[in-house]
Amino acid sequence: MSDTPIEVVDNAGIVRLTISRPKALNALNSDVLSELERVLAELETRNDLRAVLITGAGEKSFVAGADIAEMRGKTPEEARAFARQALATFKRLETLPVPTVALVNGFCLGGGCELALACDWAVASDNAIFGQPEVLLGVIPGFGGTQRLPRRVGPAMALDLCTTGRKIDANEALRIGLVNRVMPQAELEAYAEELTKQLGGNGPQSVRATKQAIHDGMEQDLDSALALETALFSFCFAGDEQTEGMSAFVEKRKPNF
Ligand code: CO8
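Keep in mind the model is a prediction, meaning the values are calculated, not measured.

Asker: Would you mind showing me how to read the overall build of the chain here?
Answerer: Regarding its fold elements, the chain presents eleven helices and ten strands. Here the C-alpha radius of gyration of the chain, 19 Å, is about what a compact globule of 257 residues would show, namely 18 Å. Over its C-alpha atoms, taken along the principal directions, the chain stretches across nearly 60 × 40 × 35 Å. In the chain, 69% of the contacts between residues at least 6 apart in sequence involve partners at least 24 apart.

Rendered as structure tokens:
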């Protein structure tokens, strides 16, 4: 087990974060959340950031939830503070200006599923297990699950998962739109590397603008959101990236972003 609960590997702006508490199946305790928030606060200031991938150490678990042992004795006030700490951290992840990818092996439960929901992409191995089992513990999802899950999979399926606490496999997660891709475990790493390379290789300004248009637009009425799209679309014509992308097409070569 590493000394720090978050391992950071930076490959020219494509950053891989690994939550590393394998003995507790990478469960999120206050230390992990504080460290994750610190790392994300640094990343959000970086202009050279291209894509962020987040995963859990080992092949058995992405994140098996919030740390139940730590939560067990909390008062309502302490529980609120813990939930707020996680919500603030996940918001930082969600609003990073670049694409974020949850790379899910094994258990992705409770706060782990909520962590994946705060990412733009989720790619899972065929051994992945998803669920919001909080009702089995006498609580409800507290790290955004009651709000991000229905936005991702619709209210009927979110109510199904959150009120039964049942676990679903990777293929059901794919079918309901909780994840984007499912891979045999042996192929997942190579796929995720290829995906982040592809995301990182596209025009960084246009990728950031796309994320902003979709995320911010989803919070607005349609006319305002379309106006936002137009503003961001025209903004793309103010930099070098559009000139390079369109010139490369006309000159029958690959763009150099
Ligand atoms: N918290 C703390 N420790 C955990 C957790 C967890 N969420 N999950 C697993 N562990 C620990 C186990 O206690 C065990 O430790 P030890 O070896 O010291 O006994 C170790 O990880 C290995 O786990 P198991 O022996 O249980 O492994 P199995 O393969 O038998 O089972 C499971 C794996 C099915 C994943 C099982 O561990 C399990 O059910 N874990 C709990 C899953 C869960 O309920 N997650 C949701 C937690 S609640 C939540 O996330 C709510 C978020 C919002 C909170 C709001 C804050 C106030």
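Asker: Is there a simple way to think about the domain arrangement of the chain in this case?
Answerer: As a measure of interface size, the accessible area lost when the parts come together is often cited. Looking at the chain, the domain boundaries give domain 1 (6-200) and domain 2 (202-250). Between domain 1 and domain 2, the C-alpha centre-to-centre distance is 27 Å. The interface of domain 1 with domain 2 comprises seven residues on the first partner and five residues on the second. Of the residues belonging to the side of domain 1 that touches domain 2, the class tally is four nonpolar, one polar and two charged.

Asker: Explanation requested: the sheet that holds strand 3 (residues 51-56) in the structure shown.
Answerer: Backbone hydrogen bonds hold the strands of a sheet together, and the pairing may be parallel or antiparallel. One open sheet accounts for six strands, arranged 1-2-3-5-7-10; its pairing is mixed. The open sheet has two edge strands, strand 1 (6-11) and strand 10 (181-183), and neither has a second partner. Between one strand axis and the next, the sheet turns through 20° on average, direction left out of account. As paired strands, strand 1 and strand 2 (residues 14-19) are joined by six bridges and run antiparallel to one another. Bridge pairing links asparagine 11 to isoleucine 14 in strand 2. Across the face of the sheet, helix 1 (residues 30-43) comes into contact with strand 1, strand 2 and strand 3 while running at roughly 20° to strand 1.

Cut-offs used in this document
- Residues numbered from 1 in each chain as written.
- Predicted model: local features only at pLDDT ≥ 70, side-chain atom pairs only at ≥ 80, totals over all residues.
- Helix = DSSP H or I, 4+ residues; strand = E, 2+ residues; numbered from the N terminus.
- Rg over C-alpha atoms; globule rule 2.2 N^0.38 Å.
- Contact = placed C-beta atoms within 7 Å.
- Domains from an automatic or database assignment.
- Nonpolar A, V, L, I, M, F, W, Y, C, P; charged D, E, K, R; others polar.
- Pairing = 2+ DSSP bridges.
- Axes fitted to C-alpha atoms, helices over the stretch in contact; angles between N-to-C directions.

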